[in-house]
Amino acid sequence: MEKIISFPHLGDYYIPISIFLERTTKLKVIPSPPITKKTIELGAKYSPDSVCVPFKYNLGNFIETLENGANILFTAGGGCRYRYYAEVTEVILRDLNYNFEFYKLFSGDYLNFREVYRLFKKINPKLSLYTFIHNAIYTILFIWQMDKIDKIIRKNIGFEKKKKQHITLKKEMLKKFKSTNSILKLILYYWKYKHLFKKIPIDKPKDCLKVGIIGELYTAMEPFSSYFLEKELANMNIEIKRYTNLSYLLWQKIWLKKHMLRTTKKYCKYTLGADGLDNVYRTIKLINKKYDGIIHTKPFGCTPEVGAIPIIQKICQENNMPILFFSYDVENSNEGMKTRLEAFHDLLKVRREHK
Amino acid sequence: MNHKIVGIPRALLYYYDKDLWIEFIKKLGHTPKISSFSNKKHLEEGQKLANDESCLSLKLFLGHINELKDECDMILVPRLFSIKKKEQVCTNFNCLYDLVNNLFDINIINYNIDLTEKESKLMAFLKLGEILGASYIKSYKAYKYAEKISLMKRKKLEQEQAEKLSTSKIKILLAGHPYNLYDELIGKPVCKFLSENEITILYSDRIDHTKIDEECKKLSTDIHWTHSKEVMASINYYQDKVDGIILLSSFPCGPDSLSNELISHKIKECPLITLIFEDLNSEVGVITRLESFIDILKTKKEKIYGKNN
């Protein structure tokens with residue numbers, strides 16, 4: 001039987017991840033089908049009720065990809081509940097009578113390079129350390145550069161003169177990134193496209209409204225839950241700043257911890273678990289940078305965020321900063337979100353005029 | 001040394017370390033003041049203070065602090081991150097100190113156990129003693145003394161539990177976090193109902209603690225919450241020794257949402273019921289479900305042994 005690898009979705013990151021898996025294991029890789037309403041329904045049907053939404057999305061992804069013929073599944077670990085997703089997912093899928101191999105990329109809180117290498121060596125015994133390191137660096141660069149370009153896009157996408165220019169250029173860029181195997185070329189492509197992105201004609205007033213998006217990592221990164229939010233904000237001509245991306249989680253977070261504790265000293269003495277402290281830190285930073293508003297997103301019942309919210313609310317009250325909370329669940333009505341966003345937009349506009 | 005009244009909220013971690021705290025504070029010459037048993041007022045106050053999506057147990061905890069805030073010189077609010085190597089606790093315990101500190105304007109004494117930052121339990125208690133005005137030597141002695149007493153009490157409970165296994169009555173394992181099992185609003189009505197129906201209750205936290213790691217591995221290899229491991233271990237250990245299992249948890253509990261699912265997938269022989277408690281629970285609904293569960297257990301037992309009696 002042919003071995004086919006698959007993994008759950010996380011925004012556009014499926015491209016570098018699938019390239020990495022393909023080049024190291026030399027097996028066929030098919031990312032799970034894009035997330036739709038049906039995926040979420042499937043996931044919600046077989047998951048426990050009160051689990052957080054990312055679990056339901058992932059499970060839906062897995063079921064659909066298993067139906068498509070995949071038989072080796074990959075999942076990542078992480079902090080908080082993410083770390084325990086793997087075992088429960090596996091038990092649920094086995095009870096549904098699927099046949100597959102299941103691998104967890106890392107078992108601790110952070111990525112352990114040696115552990116990952118051993119895992120891939122098990123799948124592909126011919127894998128040399130050189131190819132592994134080469135591809136690892138390639139993938140990390142890919143992700144890092146993609147995140148940097150995304151930052152530029154988010155800043156300007158609300159003000160482009162011709163619609164959809166950013167998105168088409170990004171698609172083209174990812175295709176070029178994918179086509180090469182050399183690290184040097186990847187870097188060259190990055191500089192070329194960075195230049196191109198800056199040349200896209202935009203019509204941006206100097207004092208446009210600026211909003212920061214903070215919150216739980218999955219809802220921030222997965223477009224199906226956050227795409228609507230970012231698109232809607234762009235339509236309102238608002239500049240968006242979003243902190244969480246994969247490069248932040250993989251290697252930037254560890255270095256920032258001490259600095260974050262220092263900045264948030266007035267409110268927090270310890271870390272709050274998962275991304276709790278990070279969001280308190282971001283709130284303070286956004287206030288210092290004089291942003292107009294903050295939007296906080298999280299899945300329903302996310303424990304670290306629930307613990308951090310009272311602290312964030314207190315900070316915002318003291319500093320007179322408008323903040324909007326969104327809690328995602330399986331049933332999401334876009335209309336309801338839209339109404340709340342519009343009201344928020346009006347509030348920001350009025351505040352601007354009174355300044 | 002001036003004498004202080006130290007408030008201890010009767011919620012969350014109180015049920016794990018109560019003897020340790022009380023004996024330690026008493027030995028240092030201060031008075032521990034424990035809040036009253038949970039009641040509706042605690043819940044109401046907690047609901048006002050906490051975020052809507054916080055779990056019931058956390059809301060009760062805040063209610064308890066609200067009761068203590070005017071009556072004590074300082075209140076003990078512990079903060080845990082990792083109390084065993086490579087394991088963690090629920091993130092609610094991570095943010096407990098900062099949450100209370102931001103919501104209330106009170107004098108908190110706290111201790112912090114975080115093995116990833118090399119803060120052990122002993123270190124935490126030495127620092128606690130320092131805040132209370134005792135020397136390190138005195139705090140060390142007090143800690144050792146308190147540890148001895150709390151271990152003795154725990155051993156006694158474990159022994160009692162082991163003796164219960166030999167009865168011929170219907171035995172039910174009540175599994176869940178101790179702060180739910182022994183809480184006046186959550187676990188107590190269940191216990192009361194079960195003992196009225198002449199059922200022997202075994203508690204998940206009274207399992208022989210030397211067996212926890214070994215028993216837990218048989219059910220789940222990956223679980224990293226120290227407190228959930230205890231529940232898992234007890235379920236695996238008692239599953240063929242009892243007639244039924246009741247899983248108690250509060251809504252929306254992070255660790256339980258996953259671990260309960262795993263348990264219900266893996267335990268197939270032993271009858272199992274999951275009771276989830278939230279703010280608006282009516283006791284009657286719970287009792288009805290329990291009645292039918294007990295009826296099932298009784299008929300099952302009669303089918304096996306009935307003809308001989």
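Residues numbered from 1 in each chain as written. Chains lettered and ligands numbered in written order. Predicted model: local features only at pLDDT ≥ 70, side-chain atom pairs only at ≥ 80, totals over all residues. Heavy atoms only, no water.

1. Considering the overall build of chain A
Note the threshold: For the purposes of this entry, the term helix denotes a DSSP run of H or I that reaches at least four residues, the term strand denotes a run of E that reaches at least two, and both are numbered from the N terminus. The globule rule used for comparison is 2.2 Å times the number of residues to the exponent 0.38, while the radius of gyration itself is calculated over C-alpha atoms. Only protein chains enter the accessibility calculation, which uses a 1.4 Å probe; a residue is then buried when its area is under 20% of its type maximum, exposed when over 50%, and partly exposed in between. Neither His nor the chain ends is counted toward charge; the positive residues are Lys and Arg and the negative residues Asp and Glu. Each charge is placed at NZ for Lys, CZ for Arg, CG for Asp and CD for Glu.
In terms of regular secondary structure, chain A is built from 14 helices and 8 strands. The C-alpha radius of gyration of chain A comes to 21 Å, within 12% of the 20 Å expected for a compact globule of 355 residues. In terms of overall dimensions, chain A has C-alpha extents of about 70 × 45 × 40 Å along its principal axes. When the 355 residues of chain A are sorted by exposure, 56% land in the buried category. Between the mean site of the 60 positive side-chain charges and the mean site of the 35 negative ones, chain A shows a separation of 9 Å.

2. Section: helix 9 (residues 188–196) of chain B
All names here are of chain B. To keep it simple, the criterion reads: For this analysis, residues touch if any pair of their heavy atoms sits within 4.5 Å.
Of all the positions in helix 9, only Pro189, Val190, Cys191, Phe193 and Leu194 are classed as buried. Those residues of helix 9 that are buried are in contact with strand 7 (171–175), helix 8 (178–181), strand 8 (200–203), strand 9 (244–250), strand 10 (272–277) and helix 13 (283–305). Of the residues trailing helix 9, Glu198 is marked for its positive phi of about 55°.

3. Side note on the packing of aromatic side chains
Condition: Working definition: a ring pair exists when centres of Phe, Tyr or Trp rings (six-membered ring for Trp) sit within 6.5 Å. Plane angles under 30 degrees give stacked, over 60 give edge-to-face, the rest tilted. Remark: a charge is flagged as sitting over a ring if the NZ atom of Lys or the CZ atom of Arg is within 6 Å of the ring centre and within 35 degrees of the ring normal.
Throughout the structure, instances matching the rule amount to 26 aromatic pairs over all chains. Look at Tyr270 of chain A and Tyr97 of chain B: their rings are 5.6 Å apart centre to centre, the planes differ by 75°, and that puts the pair in the edge-to-face class. One end of the pair, Tyr270 of chain A, is in the loop between helix 11 (246–263) and helix 12 (276–288); the other, Tyr97 of chain B, is in helix 5 (residues 96–103), on a second chain. Both residues of the pair, Tyr270 of chain A and Tyr97 of chain B, count as buried. Seen in terms of ring centroids, Tyr237 of chain B and Tyr238 of chain B are 4.9 Å apart; in terms of plane orientation they differ by 75°. Their pairing is edge-to-face. Three or more aromatic residues link up through ring pairs in this structure, and these residues are Phe20, Phe74, Tyr103, Tyr117, Phe120 and Phe132 of chain A. Cation over ring: Lys210 of chain A sits above Tyr291 of chain A, and NZ or CZ is 5.1 Å from the ring centre.

4. Examining empty space enclosed by the protein
All names here are of chain B. Condition: Within this scheme a cavity is a closed region of a 1 Å grid, computed over the protein atoms alone, that accommodates a 1.4 Å probe without allowing it to escape, whereas a pocket is open but has protein on both sides within 12 Å along at least five of seven lines; lining residues each have an atom within 4 Å of a point. Grid points are joined across faces, edges and corners, and a volume is the space filled by probe spheres set on the points. Lys, Arg, Asp and Glu make up the charged group, whereas Ala, Val, Leu, Ile, Met, Phe, Trp, Tyr, Cys and Pro make up the nonpolar group; the residues left over, Gly among them, are polar.
On inspection of all chains with the given rule, the structure shows 5 cavities of 30 Å³ or more. Taken as a whole, the largest cavity holds about 60 Å³ of empty space. Of the volumes computed, that of the second largest cavity is approximately 50 Å³. Lining the second largest cavity are Val89, Cys90, His177, Tyr179, Trp225, His227, Ser228, Cys253 and Pro255. In terms of residue class, the lining of the second largest cavity is made up of 6 nonpolar, 3 polar and no charged.

5. Points about the domain arrangement of chain B
Accessible area lost during the coming together of the parts is what is often quoted as the interface size. Residues and elements named next belong to chain B. Where we set the bar: What fixes the domain bounds is an automatic or database domain assignment. Two parts placed together each lose some accessible area under a 1.4 Å probe, and adding up what both lose gives the buried area. Any Lys or Arg side-chain nitrogen located within 4 Å of an Asp or Glu carboxyl oxygen qualifies as a salt bridge. Each polar contact in these results corresponds to two N or O atoms within 3.5 Å; when the atoms are within protein, one needs to be able to donate a hydrogen and the other to accept it, and residues that are neighboring in sequence are counted only if both atoms are side-chain atoms.
When its domains are assigned, chain B resolves into domain 1 (5–150) and domain 2 (165–305). Taking the mean C-alpha position of each, domain 1 and domain 2 sit 26 Å from one another. Tallying the contact residues gives 26 residues for domain 1 and 23 residues for domain 2. When the buried area of domain 1 at its contact with domain 2 is split by residue, Tyr15, Tyr16 and Leu56 rank highest and sum to 30% of it. Here domain 1 is connected to domain 2 by 2 salt bridges. Here Lys84 makes a salt bridge to Asp213, at a shortest N to O gap of 3.9 Å. Where domain 1 touches domain 2, the interface holds 8 residue pairs in polar contact (both at pLDDT 80 or more). At the level of elements, helix 1 (14–27), helix 2 (40–49) and helix 3 (56–68) are the ones that each hand at least two residues to the side of domain 1 that touches domain 2. Here the side of domain 1 that touches domain 2 gets 4 residues from one element, more than from any other, and that element is helix 3.

6. Some details on the confidence of the model for chain A
Selection criterion: Each residue carries a pLDDT value, the predictor's own confidence for that position, ranging from 0 to 100.
The predicted model of chain A has a mean per-residue pLDDT of 84, with 97% of residues at 70 or higher. Taken element by element, the predicted model of chain A shows its lowest mean pLDDT in helix 10 (residues 223–235) of chain A (75) and its highest in helix 8 (residues 183–199) of chain A (89).

7. Quick word on unusual backbone geometry
Cis geometry is adopted by the peptide bond preceding Pro252 of chain B, which originates at Phe251 of chain B and carries an omega value of -15°. Even without glycine at this site, Asn97 of chain A takes up a positive phi of about 65°. Relative to the helices and strands, Asn97 of chain A resides in the loop between helix 4 (82–95) and strand 4 (101–104). Judged by relative accessible area, Asn97 of chain A falls into the exposed class, the value being 70%. Not every positive phi belongs to a glycine, and Glu198 of chain B is a case in point at roughly 55°. Inspection of the secondary structure puts Glu198 of chain B in the loop between helix 9 and strand 8.

8. Structural notes on the nonpolar core
Basically, it comes down to this: Only buried residues count toward a nonpolar core. Its members are Ala, Val, Leu, Ile, Met, Phe, Trp, Tyr and Cys residues joined through side-chain atoms within 4.5 Å.
Core analysis: the largest hydrophobic core is formed by 94 residues, its most contacted members being Leu93 and Phe142 of chain A together with Ile235 of chain B. Beyond its immediate chain neighbours, meaning those up to four positions away, Ile235 of chain B contacts Leu173, Ala175, Leu219, Ile245, Leu247, Ile263 and Ile267 of chain B. One finds Phe104, Leu128, Tyr143 and Ala146 of chain B within the second-largest nonpolar core, a separate group that totals 76 residues.

9. Description of the side chain of Thr139 of chain A
Residue and element names in this part refer to chain A. Assignment of secondary structure puts Thr139 in helix 6 (residues 129–156). For Thr139, a relative accessible area of 8% gives the class buried. Beyond its immediate stretch of four places on either side in the chain, Thr139 contacts Pro16 and Phe20.

10. Thoughts on the state of the cysteines
Threshold: Count a disulfide wherever a pair of cysteine sulfur atoms falls within 2.5 Å.
Under the counting rule described, the total for this entry stands at 0 disulfides over all chains. Here Cys268 of chain A stays free of any disulfide, with the sulfur of Cys95 of chain B as its closest cysteine sulfur at 9.1 Å. Classification of Cys268 of chain A as buried rests on a relative accessible area of 3%.

11. Here we look at a nonpolar patch on the surface
Residues and elements named next belong to chain A. We count it as follows: Like-charged residues are merged into a patch within 9 Å and nonpolar side chains (Val, Leu, Ile, Met, Phe, Trp, Tyr) within 5 Å, provided each residue has over 30% relative accessible area and no salt bridge. To be clear on the numbers: accessible area is Shrake-Rupley with a 1.4 Å probe, and residue cover counts the displayed protein chains and nothing else.
A contiguous nonpolar surface patch, about 340 Å² in accessible area, is contributed by Phe113, Leu129, Ile133 and Ile137. Considering every element that reaches the nonpolar patch, the biggest residue donor is helix 6, with 3 residues. Positionally, Ile137 belongs in helix 6. A relative accessible area of 41% places Ile137 in the partly exposed class.

12. Some remarks on the domain arrangement of chain A
Residue and element names in this part refer to chain A. Each assigned domain of chain A is listed here: domain 1 (4–127), domain 2 (135–204) and domain 3 (206–355). Computed over C-alpha atoms, the centres of domain 1 and domain 2 are 27 Å apart. Between domain 1 and domain 2, the residue contacts involve 9 residues of the former and 13 residues of the latter. Across the domain 1 to domain 2 interface the summed buried area is about 1000 Å²; carbon plus sulfur atoms make up 70%. In terms of surface lost to domain 2, no three residues of domain 1 exceed Tyr13, Pro16 and Arg23, which account for 48% of the buried area on that side. Linking domain 1 with domain 2 are 1 salt bridge, by the criterion used here. Of the charged contacts in the structure, one is a salt bridge between Asp12 and Lys170, with a shortest N-O distance of 2.7 Å. If you look at where domain 1 meets domain 2, you find 5 residue pairs in polar contact (both at pLDDT 80 or more).

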